[in-house]
Amino acid sequence: MRVILSFAVICIAILVGSSSCSLIPNTTPKDVLADKVVKRSGLLDLLQWILTGGSSNTVDTDIRNILSWPSAPAIPQETLDLYAAYSGAAYNISTSWSCSAECQHPGTEGTVIMYHWDTPVITSTGYIAINNNKKTIIVAFRGSNEPGDWAEDFALEPANWPDNISGSSVVSGFLSGYLIASTQVVQTVVTLSKKFPDYTIVATGHSLGGARASLFVADLTTKYSSLAPRVQLFTYGQAKCGNQAFAQYMDNLGIPIYREINKGDLAPHLPFDNRPYVHFGTEAWVTFSDETVFCKSGDYSRCSASLSPAAYSIADHSTYKGL
């Protein structure tokens, strides 16, 4: 409930502060759902969806047609669920691998926290861990959980970053919370990567944490390009965080990048206005029938982009399996 209410505030603020409040995504569905789109716009409609929990009852989808679309490379749902658990743990743990359900998730056995951060002014929280059983270094960023996080969610203006990606810009609020902790986070990962040269480096996060995990991957790989082949990225309910140049860099890395979207989760469709932010990587969309559809970068029309805005849901943002 805390995540749902806080996210509702974020959504309202984004629309109030936008010069354009169209709730129809920029990409018009071109598939079997095109004639079923409910065209709504305006702040009052969004408020109605928020207050009703973003009911998906208005969605009439032919899931069989969606699933028949040529998809991006699939991975086991168990892998997505595992890193969802690591993302969820960022809300609860500090210096030891001790929390409720997330720390008991199958596959997390043997996890050891190597570094934890929690900055007070510009809020940023997360941890770096190793799992010797899976030969993995995990870098997890917490999502929005306190007023300082929400303030950063509201700062949607683009910031030119990083300098070594030509034309790249990212959401300034997401960036500020990343940069406050980035020096120590990157250095700790580099040190661990030398100590464990055959370990995979997995960045992960839910919501705001997913955006910061993405920024971390860009930061690490531009500064230490030799580490890029070892890096993977798994995010959950991540909003758009960078422009086309940033997204192109991420896609050109050629590493596993998976963005899971749960049913009608509203967050990945934000911001609604004309700011130049786009998604990247492979989308793993969990449909309303609990099937997972994989869509490659550049064509998300058969995944969550196929939904009518009437299907967007605040509640789906906090019900990711494993989280």
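The rules we used
Residues numbered from 1 in each chain as written. Predicted model: local features only at pLDDT ≥ 70, side-chain atom pairs only at ≥ 80, totals over all residues. Heavy atoms only, no water. Helix = DSSP H or I, 4+ residues; strand = E, 2+ residues; numbered from the N terminus. Areas by Shrake-Rupley, 256 points an atom, 1.4 Å probe, with all protein chains shown as cover. Buried < 20%, exposed > 50% of the residue type's maximum accessible area, 1.4 Å probe, protein only. Polar contact = N/O pair within 3.5 Å; in protein donor to acceptor, adjacent residues only side chain to side chain. Contact = heavy atoms within 4.5 Å. Pairing = 2+ DSSP bridges. Axes fitted to C-alpha atoms, helices over the stretch in contact; angles between N-to-C directions. Salt bridge = Lys/Arg side-chain N within 4 Å of Asp/Glu carboxyl O. pLDDT = per-residue confidence, 0-100. Phe/Tyr/Trp six-rings, centres within 6.5 Å; stacked < 30°, edge-to-face > 60°. Lys NZ or Arg CZ within 6 Å of the ring centre and 35° of its normal.

Trainee: Got a minute to help me understand the overall build of the protein chain in this structure?
Mentor: The helix and strand inventory of the protein chain stands at eight helices and ten strands. Of the roughly 13100 Å² of accessible surface on the protein chain, a fraction of 53% belongs to carbon and sulfur atoms.

Trainee: How should I be thinking about the side chain of Arg 259 in this particular structure?
Mentor: Structurally, Arg 259 is set in strand S8 (residues 257–262). Judged by its relative accessible area of 2%, Arg 259 is buried. Within the structure, Arg 259 has its side chain in polar contact with the backbone oxygen of Phe 280 (distance 2.8 Å). Those residues in contact with Arg 259, other than ones at most four positions away along the chain, are Thr 235, Gln 238, His 279, Phe 280, Thr 282, Glu 283, Ala 284 and Tyr 300.

Trainee: Explanation requested: the sheet that holds strand S1 (residues 111–119) in the structure shown.
Mentor: Strand pairing in a sheet relies on backbone hydrogen bonds, with the paired strands running either antiparallel or parallel. Overall, mixed pairing links the eight strands, which are arranged S1-S2-S3-S6-S7-S8-S9-S10 in an open sheet. Unpaired on one side and paired on the other, S1 and strand S10 (292–295) mark the two borders of the sheet. Strand-to-strand twist of the sheet, defined as the mean angle between neighbouring strand axes without regard to direction, takes the value 15°. As paired strands, strand S3 (residues 136–141) and strand S6 (residues 200–206) are joined by six bridges and run parallel to one another. Looking at S6, one finds that Phe 141 is bridged to Gly 205. Relative to strand S7 (residues 231–236), helix H4 (residues 77–89) is tilted by about 75°, and along the sheet it contacts S1, strand S2 (124–131), S3, S6, S7, S8, strand S9 (282–286) and S10. Against the sheet, helix H7 (residues 208–223) contacts S2, S3, S6 and S7, and its axis sits at roughly 150° relative to S6.

Trainee: Whenever I open this one, the pattern of salt bridges confuses me. Can you help?
Mentor: Between side chains of opposite charge, pairing is possible as soon as their charged atoms come close. Enumeration according to the criterion identifies five salt bridges in this entry. Of the charged contacts, one joins Asp 198 and Lys 135 as a salt bridge, the two residues approaching to 3.1 Å between their closest N and O atoms. One end of the pair, Asp 198, is in the loop between helix H6 (172–195) and S6; the other, Lys 135, is in the loop between S2 and S3, and 63 residues separate them in sequence. You can call Lys 135 partly exposed: its relative accessible area is 41%.

Trainee: Explain the confidence of the model for the protein chain here, please?
Mentor: Low-confidence regions, as indicated by low pLDDT, have predicted coordinates that should not be scrutinised in detail. Confidence in the prediction of the protein chain, expressed as mean pLDDT, is 80, and 74% of residues score 70 or more. Counting interchain partners and residues more than four positions distant, the pLDDT-below-50 stretch residues 147–151 has eleven contacts.

Trainee: Explanation requested: the packing of aromatic side chains in the structure shown.
Mentor: Both the distance between ring centres and the angle between the ring planes are used here to describe each pair of aromatic rings. Tallied over the full model, the rule gives 14 aromatic pairs. Judged by centre distance (6.1 Å) and plane angle (90°), the ring pair of Tyr 258 and Phe 294 falls under edge-to-face. Of this pair, Tyr 258 sits in strand S8 while Phe 294 sits in strand S10, placing them 36 residues apart in sequence. Residue classification places Tyr 258 among the buried positions, given a relative accessible area of 8%. Owing to a relative accessible area of 6%, Phe 294 belongs among the buried residues under this scheme. Seen from the ring of Tyr 300, Arg 259 lies directly overhead, with NZ or CZ sitting 4.9 Å from the centre.

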